[in-house]
Amino acid sequence: MNNLHDWPEPIIRVQSLSESGQPMIPERYIKLVPDRPSLNPVSNDVNIPIIDLTGLWEDGNALPAETLDQISSACREWGFFQVVNHGVSPGLMDRARETWRSFFHLTMETKQSYANSPKTYEGYGSRLGIEKGAILDWSDYYFLHYLPLALKDYNKWPASPDSCREVIDEYGRELVKLSGRIMKVLSINLGLEENHLQNAFGGEDIGACLRVNFYPKCPQPDLALGLSSHSDPGGMTLLLPDHDVPGLQVRKDGRWITVKPARHAFIVNIGDQIQVLSNANYKSVEHRVIVNSGMERVSLAFFCNPKSDIPIKPLEELVSEDKPALYSPMTFDEYRRFIRLRGPKGKSQVESLKSPR
């Protein structure tokens, strides 16, 4: 179970299964009855908050008080929100998404040359976790490191399609900037200095990585999930969704809400590390991805994470006699090992960190 060097079984690419034309999905992808999307209540009449960041990307971070309040409320009540007018070029967003879509339509031989292992997850993959016989998700992905620079290896980035590496690099630069601005707002809304969360992450030594998700058409979407329910183990995620096909669902008050992406918006969500640092003032929230039989989906998840060897624990400023520290310290390296071994498991990991009372 603890061997992170090899997958426990031969890897099957979900895209190949989808393109085979088989009318039924293999048993390995059929979720247990309580986890199937068809049997969970879904709310279609609500959406996660959409927040206009006009002013954030100008000098001085001049956001109106009303916008700060909207972000604070979203972090405390939802753990998710969409941002528009965020300063990243719509053209770059489209180029990044469509470049990656083109990658997943290259020949299998080309993609296989980037096949990953569970040791680092870098490269082309089709499963999370190394539990033998686990029920799998209906998706393929590509994972790569952007920061720290010591882990950034262009040789592990796709060389095709043309200009792929240049697009990834430009996209990463812009998202590092945007995430830094949003982190400042999160700090201010907690009553802290604007750089406090960033410094707790390791200052200039933070981690940043990209997971590109490819969800092929699924002949039995009521039995499968593109990504099982989980909260993100890292600090904060900026998701570029597919602009045509919804699929992300967020758990709110026991119901699954299908996110309706705004055009050229990023979906921001709080990860477990910020829940811990904020002493649960901000919440990481369970989410999952549904699939459909008619259209494929591509999404880009950009993760902003603490430096891997810093113990993460509730910030002293947010701990008091009335609200003692809720979580025991743990480095991000130790923490993410859980999902790399076991795969996505709801909120069970961050709950297991709670200090005995």
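See above for the structure.
Residues numbered from 1 in each chain as written. Predicted model: local features only at pLDDT ≥ 70, side-chain atom pairs only at ≥ 80, totals over all residues. Heavy atoms only, no water.

> Before we move on, can you summarise helix α2 (residues 65-77) with the specific residues and values?
Across its 13 residues, α2 extends 18 Å between first and last C-alpha, which sits within 8% of the 18 Å expected from 1.5 Å per residue. For α2, every residue scored as buried is listed here: Thr-67, Leu-68, Ile-71, Ser-72, Ala-74 and Cys-75. Down the axis of α2, the sector holding all buried residues measures 165°, keeping them to one side. Opposite the packed face of α2, turned more than 90 degrees from it, sit the exposed residues Ala-65, Glu-66, Asp-69 and Glu-77. Among the structural elements, β2 (50-52), β3 (80-84), α5 (164-189) and β11 (266-270) are those in contact with the buried residues of α2. (Helix = DSSP H or I, 4+ residues; strand = E, 2+ residues; numbered from the N terminus. Expected span 1.5 Å × (residues − 1). Buried < 20%, exposed > 50% of the residue type's maximum accessible area, 1.4 Å probe, protein only. Arc of directions from axis to C-beta. Contact = heavy atoms within 4.5 Å.)

> Got a sec to walk through the side chain of Asp-232? Specific residues and values, please.
Checked against the element boundaries, Asp-232 lands in the loop between β7 (227-230) and β8 (236-240). Buried charge Asp-232 goes without a salt bridge, the closest partner of opposite sign being Arg-211 at 8.4 Å. (Lys, Arg positive; Asp, Glu negative; His and termini not counted. Salt bridge = Lys/Arg side-chain N within 4 Å of Asp/Glu carboxyl O.)

> Lay out α5 with the relevant residues and their values.
The first and last C-alpha atoms of α5 sit 37 Å apart over 26 residues, in line with the 38 Å expected at 1.5 Å per residue. Where α5 terminates, the next one or two residues include Gly-191, which has phi positive at roughly 80°.

> So what about the packing of aromatic side chains? Which residues, and what values?
By the definition in use, this model includes 15 aromatic pairs. Centroid distance Trp-7 to Tyr-121: 5.4 Å. Interplanar angle 85°. Geometry classified as edge-to-face. Here Trp-7 is found in the segment before α1 (14-19), whereas its partner Tyr-121 is found in the loop between α4 (108-112) and β4 (123-125), with 114 residues between them in sequence. A network of ring pairs unites the aromatic residues Trp-100, Phe-103, Phe-104, Tyr-114, Tyr-124, Tyr-142 and Phe-214 as a single cluster. Above the plane of the ring of Trp-256 lies Arg-288, whose end atom (NZ or CZ) is 4.2 Å from the centre. (Phe/Tyr/Trp six-rings, centres within 6.5 Å; stacked < 30°, edge-to-face > 60°. Lys NZ or Arg CZ within 6 Å of the ring centre and 35° of its normal.)

> With reference to specific residues and values, describe the packing of α2 against α5.
Two packed helices can be described by the angle between their axes and the distance between those axes. Following both chains from N to C, one finds α2 and α5 inclined at 85°, their axes separated by 10 Å at the closest point. Classified by the interaxial angle, the pair formed by α2 and α5 is roughly perpendicular. Mapping the contact onto sequence places Leu-68, Ile-71, Ser-72, Cys-75 and Arg-76 in α2 and Val-185, Leu-186 and Asn-189 in α5. A per-class count over the contact of α2 with α5 returns 5 nonpolar, 2 polar and 1 charged. (Axes fitted to C-alpha atoms, helices over the stretch in contact; angles between N-to-C directions. Parallel < 35°, antiparallel > 145°, perpendicular 65-115°, else oblique. Nonpolar A, V, L, I, M, F, W, Y, C, P; charged D, E, K, R; others polar.)

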